[in-house]
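# Topology and contacts: notes
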Amino acid sequence: MTPFAILTSIVAPLPRDNVDTDSIIPSREMRSTGKTGLADGLFAPWRYTDATARTENPDFVLNQPEYRGAQILASGANFGCGSSREHAVWALAEYGIRCIVAESFAPIFYNNCVRNGLAPLVLPRSVIGTLAGGTATVDLARQTVNGYHFSMDADAKMMLLEGVDAIDLTLKYRHAITDWQTKDRATRPWIYLEKRT
Amino acid sequence: MPGGDAFITETRAACMAAGITLFDVNDFDQGITHVISPELGIVLPGCTLIAPDSHTCTQGALGALAWGIGSSEAEHAMATGTLRVAKPKTMRVVYDGHLRAGVTAKDMILRLIADHKSGGGQGHIVEFAGDAVRALDMEARMTLCNMATEFSAMSGIIAPDDKSFEYLRGRRFAPDPLPDWADLATDDGAFFDRQIRIDANSIEPMVSWGTSPEQSIAISGTVPRNADANALAYMGLAAGQRLANLPVDVAFIGSCTNSRLSDLRRAAALVEGKYKAANVLALVVPGSSAVKRAAEAEGLDRIFTDAGFEWRESGCSLCFYSGGESFPQGSRVISSTNRNFEGRQGPGIRTHIASPEIVAASAIAGRITAP
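Here goes a summary of the coordinates provided. (Residues numbered from 1 in each chain as written. Chains lettered and ligands numbered in written order. Predicted model: local features only at pLDDT ≥ 70, side-chain atom pairs only at ≥ 80, totals over all residues. Heavy atoms only, no water.)

Residue and element names in this part refer to chain B. Relative orientation of the contacting elements helix 9 (residues 261-271) and helix 12 (residues 356-365) amounts to 30°, with a least axis distance of 9 Å. By the angle class used here, helix 9 and helix 12 are roughly parallel. The crossing of helix 9 and helix 12 is right-handed. Contacts between helix 9 and helix 12 pair Asp263, Arg266, Ala267, Leu270 and Val271 from the former with Pro356, Glu357, Ala360 and Ile364 from the latter. For the contact of helix 9 with helix 12, the per-class residue count stands at six nonpolar, no polar and three charged. (Axes fitted to C-alpha atoms, helices over the stretch in contact; angles between N-to-C directions. Helix = DSSP H or I, 4+ residues; strand = E, 2+ residues; numbered from the N terminus. Parallel < 35°, antiparallel > 145°, perpendicular 65-115°, else oblique. Left-handed = near helix turned anticlockwise from the far one by under 90°. Contact = heavy atoms within 4.5 Å. Nonpolar A, V, L, I, M, F, W, Y, C, P; charged D, E, K, R; others polar.)

If you want it as structure tokens, here you go:
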């Protein structure tokens, strides 16, 4: 995973609340079991007037010339709600989006972002309003965007900054995990029932 | 559906290679994950359970900590037996008193989301409590917890009680005898970061008007004056409009929210001896093969087909559009599902979510109708 360094980009505004993962990528655009080949399907319901023919809707923000190469997206509350499909994050990442600034995120989407090198930043609506449409610089180490401070969970920040794989991180504790499972097996054997397999 | 064959083929091969039990398409126990896991006694009180599907929170109804994750987290769980989780805050939603006749768990959760918005549960695990929750049967509790994700909560959970233990006893994967789980309840005086109280008696049958579950109102109400313009345009509605008596093209009963035997029984009771409106396409999709067999054993399939409903094979079905079958272009659908997003049931399809009772009554009337 690519470490998240300092990022400067124009900020594409998508001023809606509750942008759901069905809209970010509809299930009919998820034609493979892999993480690639999804960028064309990104925001298909809004980006195209005819999704089959890929006829662009000129009103959609990412079809406007100044925002075509945007790496930062600004939106409203509860971004990424709905289906847990990680394809939503893979499609955004493959398209070139590295950072989403929103008033809040749905929890599964937020975790999916962190595990794919895409920075989800929570900021107040007023700050998002000043960033949208302009150029912004995200400094994740300092937790600032154009000088505005944002909060981020330490584990998420570390994974993004260092581009580390979460499985590798956790496997450093494999002995502690095994020890806990051995104890748990004695107190809650039904969780590990052989009959359950 | 496009890509569906690759998905199934690769899943079968990967499960075989890793020694993972797969409930395949033709399995006797086939069904929607969140229907068959409780049915088979896979989810148990006090266990942690994760699945790469947002509606995994359904299974919190059994007193498990059950939540949805993405593919990368699923891979992490399988590789390490653990997940890295930031400790969530706690919220208790207490439903005091008793529900009025004709009001269901679906109405309870839609009312919560309408009052406190789709992002209202963010950062929290929600315990559902109170007399009206204790009074719900296990399947209704699953309906309530199912839509915790539409509230953006990490999960919903209900303390297990005698109803839970009775439900689990003798199920295929449940331990025998059952361990003592009676202490898996919130201590008196426990601290919650947030508490919401709702008077259950004040809850009316609910129906969504917009493109987010938070855009729901009592069926007797009107679309808000300040309604979101995008949602109104997509749904073909006007601010101030009544939802009652709005003509519908499709009535759909199914999904992990409302496709269990008790849901089908209540809907069947409302359509028995009647016939659907001529212009309405009406569908019933049981949540699992076991639900389908049980419903057929008591003749519910005949009640539905005699009333002009289609009786389908079990599964997720048309809760979401994946590129295969859809409803006729521009359909207005009254649906017992959980999501009314733009395009969720097909491009341009307008979805109103509601209880199976409202769906059944609306199918007969041809218009959105309270049971």
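Here the narrative resumes.
On to the interface of chain A and chain B, then. With 47 residues of chain A at the contact, the number on the chain B side is 52 residues. A buried area of about 3,700 Å², summed over both sides, lies between chain A and chain B, and 51% of it is on carbon and sulfur atoms. Here chain A is connected to chain B by four salt bridges. Among the ionic pairs, Arg84 of chain B bridges to Asp155 of chain A, the shortest N-O distance being 2.9 Å. Across the chain A-chain B interface, the total number found is 19 residue pairs in polar contact (both at pLDDT 80 or more). Within the residue set of the side of chain A that touches chain B, elements represented by two or more residues are helix 1 (21-24), helix 4 (107-114), helix 6 (154-162), helix 7 (166-171) and helix 8 (174-187) of chain A. Residue composition of the side of chain A that touches chain B, grouped by class: 18 nonpolar, 15 polar and 14 charged. (Buried area = accessible area lost by both parts, 1.4 Å probe. Salt bridge = Lys/Arg side-chain N within 4 Å of Asp/Glu carboxyl O. Polar contact = N/O pair within 3.5 Å; in protein donor to acceptor, adjacent residues only side chain to side chain.)

Residue and element names in this part refer to chain A. One finds Phe43, Phe79, Leu92 and Phe109 to be the most contacted residues of the largest nonpolar core, which totals 55 residues. When residues of this core are assigned to their parent elements, the largest contribution, five residues, is made by helix 3 (residues 87-95). Ignoring sequence-local partners within four residues, the contact set of Phe79 consists of Leu14, Val19, Ile24, Leu73, Ile100, Ala102, Ser104, Phe105, Ala106 and Phe109. (Core = buried A, V, L, I, M, F, W, Y, C linked by side-chain atoms within 4.5 Å. Buried < 20%, exposed > 50% of the residue type's maximum accessible area, 1.4 Å probe, protein only.)

Let us now look at the pattern of salt bridges. All names here are of chain B. Counted according to the given criterion, the structure contains 28 salt bridges over all chains. A salt bridge links Arg134 to Asp161, with the shortest nitrogen-to-oxygen separation between them at 3.1 Å. Highlighted residues: Arg134 in helix 5 (residues 131-134) and Asp161 in the loop between strand 5 (155-157) and helix 7 (162-168), separated in sequence by 27 residues. Using a relative accessible area of 16% as the deciding quantity, one classes Asp161 as buried. The partner of Arg266 in a salt bridge is Asp263, and the shortest N-O contact between them spans 3.2 Å.

All names here are of chain B. With respect to the helices and strands, the residue Ile203 is situated in the loop between strand 6 (194-199) and strand 7 (206-208). A residue is classified by how much of its surface remains accessible, and Ile203, at 0% relative accessible area, is buried. Considered as a pair, Ile203 and Thr104 are 99 residues apart in the sequence and their alpha carbons are 9.1 Å apart. The residues touching Ile203, leaving out its near neighbours within four places in the chain, are Tyr95, Leu99, Arg100, Val103, Asp107, Met108, Arg111 and Ile198.

As a further point, take the side chain of Ser362 of chain B. Checked against the element boundaries, Ser362 of chain B lands in helix 12. A relative accessible area of 0% places Ser362 of chain B in the buried class.

Before going further, it helps to examine the pairing of strand 3 (residues 89-96) of chain B. Residue and element names in this part refer to chain B. Both strand 3 and strand 4 (residues 124-129) contribute to a ladder of six bridges, which runs parallel. Note on strand 4: the bridge partner recorded for Val93 is Phe128. Running through helix 4 (residues 105-116), the crossover from strand 3 to the neighbouring parallel element strand 4 is right-handed. With six bridges connecting them, strand 3 and strand 6 associate as parallel partners. Considered in strand 6, the bridge of Asp96 is made with Asp199. (Pairing = 2+ DSSP bridges. Right-handed = clockwise from strand over helix to strand, strands pointing away.)

Moving on, we come to the packing of aromatic side chains. Going through the model one piece at a time under the given rule, you end up with twelve aromatic pairs over all chains. Ring centres of Phe304 of chain B and Trp311 of chain B lie 6.0 Å apart, and the angle between their planes is 15°; this geometry places the pair in the stacked category. Assessed through its relative accessible area of 16%, Trp311 of chain B is described here as buried. The residue whose ring lies beneath Arg16 of chain A is Trp46 of chain A, and the NZ or CZ to ring-centre distance is 4.1 Å. (Phe/Tyr/Trp six-rings, centres within 6.5 Å; stacked < 30°, edge-to-face > 60°. Lys NZ or Arg CZ within 6 Å of the ring centre and 35° of its normal.)

With that out of the way, let us pick up unusual backbone geometry. Asp176 of chain B connects to Pro177 of chain B through a cis peptide bond whose omega is 0°. Assignment of secondary structure puts Pro177 of chain B in the loop between helix 7 and strand 6. Although it is not a glycine, Gln143 of chain A sits at a positive phi angle of roughly 55°. Take Gln143 of chain A: it is sitting in the loop between strand 7 (135-139) and strand 8 (144-145). Positive phi outside glycine occurs at Ser317 of chain B, with the angle close to 55°. Position of Ser317 of chain B among the secondary structure elements: in the loop between strand 11 (310-311) and strand 12 (332-335).

This paragraph deals with the sheet that holds strand 4 (residues 72-75) of chain A. Residue and element names in this part refer to chain A. The strand order across the open sheet formed by seven strands is 6-5-4-1-7-8-9, and the pairing between neighbours is mixed. Edge positions in the sheet fall to strand 6 (119-122) and strand 9 (148-149), since each has one partner strand and no second. Examined bridge by bridge, strand 5 (residues 99-102) and strand 6 share four bridges and lie parallel to one another. Among the inter-strand pairings, Ala102 is bridged to a residue of strand 6, identified as Val122.

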